[in-house]
Amino acid sequence: KLVPVLKVMEHKNAIEKDTVLIKISLDQSLSDVDVLARAYNGAIQNVTNEAIVVSATDEPSRIENFIKVIEKFKPLEIVRSGVVAIER
């Protein structure tokens, strides 16, 4: 069940994570994509005849960097979850 967000507060002692799913054409190097995904706490989630889907979950700034780096593989689609956080 989703809880409506009524207020966002800054807190210094919180854990923040962001998730991204990226679809990449199969004409790219599968091993290079896998190594890159693992560097950002990610993995290959699905492989079809046309594309692979890679996911990564990490701090929001690292996900931004991952998206910038993965651009060299010419992604077909990028979907981001948005940041989730919880107080430690």
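Residues numbered from 1 in each chain as written. Predicted model: local features only at pLDDT ≥ 70, side-chain atom pairs only at ≥ 80, totals over all residues. Heavy atoms only, no water.

Caption draft 1: Quick look at the overall build of the protein chain. Helix and strand counts for the protein chain stand at two helices and five strands. Tracing the protein chain from N to C terminus, the helices and strands come up as β-α-β-β-α-β-β. For the protein chain, the spread of C-alpha atoms along the three principal axes comes to 45 × 25 × 15 Å. Relative to all contacts within the protein chain whose residues are 6 or more apart in sequence, the contacts with residues 24 or more apart total 68%. Summed over its atoms, the accessible surface of the protein chain is roughly 6500 Å², and 53% of this surface lies on carbon and sulfur atoms. Within the protein chain, the 13 negative side-chain charges are centred at a point lying 5 Å from the centre of the 12 positive side-chain charges. (Helix = DSSP H or I, 4+ residues; strand = E, 2+ residues; numbered from the N terminus. Contact = heavy atoms within 4.5 Å. Areas by Shrake-Rupley, 256 points an atom, 1.4 Å probe, with all protein chains shown as cover. Lys, Arg positive; Asp, Glu negative; His and termini not counted. Charge placed at Lys NZ, Arg CZ, Asp CG, Glu CD.)

Caption draft 2: Structural view of the environment of Ile86. Mapped onto the secondary structure, Ile86 falls in strand β5 (residues 84-87). Assessed through its relative accessible area of 57%, Ile86 is described here as exposed. Put simply, Ile86 and Glu16 are 70 residues apart on the chain and 6.8 Å apart in space, counted from C-alpha to C-alpha. Not counting the four nearest positions on each side in its chain, Ile86 is found in contact with Ala14 and Ile15. (Buried < 20%, exposed > 50% of the residue type's maximum accessible area, 1.4 Å probe, protein only.)

Caption draft 3: Main features of helix α1 (residues 30-39). When we look at burial in α1, the residues that qualify are Val33, Asp34, Leu36 and Ala37. The buried residues of α1 all sit within an arc of 165 degrees when viewed along its axis, so they share a single face. In α1, the exposed positions angled more than 90 degrees off the buried face are occupied by Val35 and Arg38. Residues of α1 that are buried in the fold lie against β1 (14-25), β2 (42-47), β3 (51-58) and α2 (60-70). Positive backbone phi, approximately 55 degrees, marks Asn41, located one or two places after α1. (Arc of directions from axis to C-beta.)

Function cannot be read off these values alone, since they describe shape.
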